[in-house]
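This is what each chain is made of:
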Amino acid sequence: MENTLFTVNNVWMMICTALVFLMHLGFSLLEIGLTRQKNTINILFKNVFILSIGLVLYALVGFNLMYPGSFIYGILPDYFFNLFGLSLPENGLTAEYAQGNYTYWTDFLFQGMFAATAATIVSGAVAERIKLGSFMIFTIIYVGIIYPITGSWKWGAGWLDELGFYDFAGSTLVHSVGGWAALVAVWLLGARIGKFKKDGSIGAIPGHNIPLATTGVFILWLGWFGFNGGSVLSADPGKTSLVLLTTCLAAASGGLGAFLVSLFRYKQYDLSMFLNGVLGGLVGITAGADIMSVSDAILIGFIAGILIVLGVGFIDRLKLDDPVGAIAVHLICGVWGTLAVGIFGELAGWEQFGHQIIGVVSIGAFCVISAFTILIILKKTLGLRVSEVEEQDGLDIHEHGMDAYPDFRLNQH
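Residues numbered from 1 in each chain as written. Predicted model: local features only at pLDDT ≥ 70, side-chain atom pairs only at ≥ 80, totals over all residues. Heavy atoms only, no water.

## Quick notes on a nonpolar patch on the surface
For clarity, the threshold we go by: Without a salt bridge and with relative accessible area above 30%, a residue can belong to a patch; like charges are then joined within 9 Å and nonpolar side chains (Val, Leu, Ile, Met, Phe, Trp, Tyr) within 5 Å. Using a 1.4 Å probe, the Shrake-Rupley method yields the accessible areas, and only the shown protein chains count as cover for residues. One speaks of a salt bridge when a side-chain nitrogen belonging to Lys or Arg is within 4 Å of a carboxyl oxygen belonging to Asp or Glu. Numbering goes from the N terminus for both helices and strands, where a helix is a DSSP run of H or I of at least four residues and a strand is a run of E of at least two. The classification of residues rests on relative accessible area computed with a 1.4 Å probe and restricted to protein chains. Under 20% of the type maximum is buried, over 50% is exposed, and intermediate values are partly exposed.
Together, I137, I140, I141, I145 and L382 make up a nonpolar patch on the protein surface, roughly 360 Å² of accessible area in all. By the element assignment, I140 lies in helix α5 (residues 132-154). The exposure class assigned to I140 is partly exposed, which follows from its relative accessible area of 34%.

And the structure:
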């Protein structure tokens, strides 16, 4: 019986790993759909690179850095100077490892799929004008070092875990970590040509393929069943079914919240807002999906949807250009979902709310400082932004020497 349960748990975790892998396809389709066709190959290249380098880096340094076992001064993992490679524990492939929930290899692979997500968030926000080489260097440092260190503070039994901070599947530890970096990167890069006009008005730069963006969101919604469902870390029927229920309801109510508020404000049925509302609901529920009731999940998602519409408008007013709405979705809704743990659900209370604020502020400060340091060095050395000619012509032809839609460019001439 014990071996059967061990096998079932491990198979569920592997299925969830595959679902999280699918999310990278969802992010890719969403990004290319909401941006212009002349940058399609560039965006796809970045997403393939992020996943590839993310897994290798997580195997070489990230996994040990994130789950060190002990810490220096309670903050830096003590593996920091001795952390290379994966070493299978003696019981790593038996039921003795992780209370019989999964093997060591499954543990690594599931967590490794999470690691690349933070950089994927940045990819969408900086689309259409960042130098590919600079972005790749940033990704290597941020995914290889920054993400695992912040993750270790909670998931690696670090100081935030001891404090009582709660983040079930990563509203802050994954999504806000990427969102803070996206905010800094967008600020340092500047807006795309034509986004903000001299008279102060906002220029619309529509995406080239909304059906692709919609497909991407549906794939992300599906993948989130693995993202949150796998974070139960077993196939426990009660916990898993609750997490899948709250996740799905928050996504649905997030979409409805964004759709209704955007309809009220702009008098239009805005599909892009609806889509980002769904994602905002998913990000919002991620911190507390295992401890929320049905009504809690609907409220958290609905409020996240409202925040999407307000957040996108706020980002525009700050003259920050985020082509896909990544900052509103992952940073604003990530912060909201993390704070919601102290307002709704089993842990609600002022003390818990205080723990959540400390987690949000400390991780936010560390990520902002880290991202700014990496990016400002890149800006002063290699440069962050492509030339005006490259941006006008499209990154596909200049950075990659090819077109995703060659017939289109021929017809343009």
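Having seen the structure, we can now continue with the description.
## A word on the pattern of salt bridges
Scanning the model with the defined rule gives 5 salt bridges in all. Between E128 and R192 there is a salt bridge whose closest N-O contact spans 2.4 Å. Here E128, found in the loop between α4 (117-125) and α5, pairs with R192, found in the loop between α7 (171-189) and α8 (210-229); they are 64 residues apart in sequence, far enough to count as distant. A residue is classified by how much of its surface remains accessible, and E128, at 1% relative accessible area, is buried. In this structure R192 comes out as buried when scored by relative accessible area, which is 4%. Across the pair E391 and R385 runs a salt bridge, and its minimum N-O distance is 2.8 Å. A residue is classified by how much of its surface remains accessible, and E391, at 3% relative accessible area, is buried. One salt-bridge network, held together by shared partners, links R36, E128, R192 and D321.

## Some words on the packing of α7 against helix α13 (residues 350-380)
What counts is decided by this rule: Fitting a line to C-alpha atoms yields each axis, with helices limited to the stretch in contact; the angle taken between N-to-C directions then spans 0 to 180 degrees. What sets the label is the angle itself: under 35 degrees gives roughly parallel, over 145 gives roughly antiparallel, 65 to 115 gives roughly perpendicular, and the rest give oblique. Two helices that cross are described as forming a left-handed crossing if the nearer one is turned anticlockwise from the farther one by less than a right angle, and a right-handed crossing if clockwise. Whether two residues are in contact is decided by their heavy atoms: any pair within 4.5 Å suffices.
For the pair α7 and α13, interaxial distance at closest approach is 9 Å and the crossing angle is 40°. Between α7 and α13, the crossing angle belongs to the class labelled oblique. Of the two elements, α7 crosses α13, and the hand of that crossing is right-handed. Packed against α7, whose contacting residues are T172, L173, V177, W180, A181, V184, A185, W187 and L188, the element α13 presents V360, I363, G364, C367, V368, A371, F372, L375, I376 and K379 at the interface.

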